[in-house]
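Here's the letter readout for the chains.
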Amino acid sequence: PYYFAYGSNIDTHHFLSFVNPPSCVKVIGPAYVQNYVFRYRGVRGTQLRSAVANMEPRKGSRVYGVLYKFKSCADIHQLDKKEGYINDGHPDNKNNKILVDAIVTLHNNHIQHISSFVYCINPPYVDRSKTQPRKEYMQYLQNGYRQHFT
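Residues numbered from 1 in each chain as written. Predicted model: local features only at pLDDT ≥ 70, side-chain atom pairs only at ≥ 80, totals over all residues. Heavy atoms only, no water.

### Here's the deal with the pattern of salt bridges
Okay, so step 1: In the structure shown here, the tally under the stated rule is four salt bridges.
Okay, so step 2: Between Glu-83 and Lys-82 there is a salt bridge, with the nearest N and O atoms lying 3.0 Å from each other. (Salt bridge = Lys/Arg side-chain N within 4 Å of Asp/Glu carboxyl O.)

### Digging into the environment of Gly-65
Okay, so step 1: Here Gly-65 shows up in strand β3 (residues 52-70).
Okay, so step 2: Once residues lying within four places of it in the same chain are set aside, the contact partners of Gly-65 are Phe-4, Ala-5, Tyr-6, Ile-10, Gly-29, Pro-30, Ala-31 and Phe-149. (Helix = DSSP H or I, 4+ residues; strand = E, 2+ residues; numbered from the N terminus. Contact = heavy atoms within 4.5 Å.)

### Some details on unusual backbone geometry
Okay, so step 1: The peptide bond linking Asn-20 to Pro-21 adopts the cis configuration, its omega dihedral lying at -5°.
Okay, so step 2: With respect to the element layout, Pro-21 can be found in the loop between α1 (12-16) and β2 (25-43).
Okay, so step 3: Despite not being glycine, Asn-35 shows a phi value in the positive range, around 65°.
Okay, so step 4: By the secondary structure assignment, Asn-35 is in strand β2.
Okay, so step 5: When its relative accessible area of 38% is taken as the criterion, Asn-35 is described as partly exposed.
Okay, so step 6: Although it is not a glycine, Asn-109 sits at a positive phi angle of roughly 65°.
Okay, so step 7: With respect to the secondary-structure elements, Asn-109 resides in the loop between β4 (95-105) and β5 (111-121).
Okay, so step 8: Residue Asn-109 is classed as exposed on the basis of its relative accessible area, which comes to 64%. (Buried < 20%, exposed > 50% of the residue type's maximum accessible area, 1.4 Å probe, protein only.)

### Some points on the nonpolar core
Okay, so step 1: Within the largest apolar cluster, 22 residues are counted, with the highest numbers of intra-cluster contacts made by Phe-4, Tyr-6, Val-33, Met-55, Leu-67 and Val-118.
Okay, so step 2: Top contributing element to this core by residue count: β3, with five residues.
Okay, so step 3: When residues no more than four places from it in sequence are discounted, the contact partners of Val-33 are Phe-4, Met-55, Ser-61, Arg-62, Val-63, Val-100, Asp-101 and Ala-102.
Okay, so step 4: Residues Tyr-68, Phe-70, Phe-117 and Tyr-119 belong to the second largest nonpolar core, which totals 15 residues. (Core = buried A, V, L, I, M, F, W, Y, C linked by side-chain atoms within 4.5 Å.)

### As for the side chain of Ser-50
Okay, so step 1: Here Ser-50 lies in the loop between β2 and β3.
Okay, so step 2: With relative accessibility at 10%, the residue Ser-50 sits in the buried group.
Okay, so step 3: A distance of 3.4 Å separates a polar side-chain atom of Ser-50 from the backbone nitrogen of Arg-134. (Polar contact = N/O pair within 3.5 Å; in protein donor to acceptor, adjacent residues only side chain to side chain.)

### Quick look at the packing of aromatic side chains
Okay, so step 1: Going through the model one piece at a time under the given rule, you end up with 14 aromatic pairs.
Okay, so step 2: When the centroid spacing of 5.8 Å and the interplanar angle of 65° are considered together, the rings of Tyr-3 and Tyr-119 count as edge-to-face. A residue pair is termed long-range when its members are at least 10 positions apart, and Tyr-3 in strand β1 (residues 2-5) and Tyr-119 in strand β5 qualify at 116 residues.
Okay, so step 3: Overall, Tyr-119 belongs to the buried group, its relative accessible area being 3%.
Okay, so step 4: Ring geometry for Tyr-145 against Phe-149: centres 5.7 Å apart, planes inclined by 15°, an arrangement best described as stacked. Of this pair, Tyr-145 and Phe-149 both sit in helix α3 (residues 135-149), four residues apart, which is roughly one turn of that helix.
Okay, so step 5: Ring pairs connect the aromatic residues Tyr-3, Phe-15, Tyr-68, Phe-70, Tyr-85, Phe-117 and Tyr-119, which therefore count as one cluster.
Okay, so step 6: One residue, Lys-82, lies across the ring of Phe-18, its end atom 4.9 Å from the ring centre. (Phe/Tyr/Trp six-rings, centres within 6.5 Å; stacked < 30°, edge-to-face > 60°. Lys NZ or Arg CZ within 6 Å of the ring centre and 35° of its normal.)

Rendered as structure tokens:
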């Protein structure tokens with residue numbers, strides 16, 4: 001399965017600290033998803049005191065991130081736990097897992113559309129009053145940008 005990361009998990013070093021063993025994941029590279037917009041949002045019912053990245057539908061917009069490939073579905077369990085995802089439709093999911101069409105440019109300049117899963121805050125848990133991420137979180141995004149987009 002493919003995973004589209006757009007928040008702190010674009011920092012590959014940070015991301016791999018939640019995946020065991022790290023060898024179960026391959027970095028595909030920079031990608032984007034159309035018809036979504038990047039927003040900082042708080043998450044109700046968590047100990048987070050600041051906002052985190054979220055993707056929300058918006059026609060004509062793009063969210064940039066990093067595409068990863070897991071060797072098997074079993075390897076995703078730790079990431080699900082980190083992201084507050086229990087299973088499809090569970091009322092206590094802090095994040096929903098949805099399928100998106102990630103667009104990636106491969107080394108031969110061939111553009112490929114890849115069905116990928118992504119985590120988005122479960123709407124009942126969205127806290128719009130928190131719009132600022134903490135400095136440490138921003139550092140992960142900056143690190144990921146340097147790793148994949150420069």
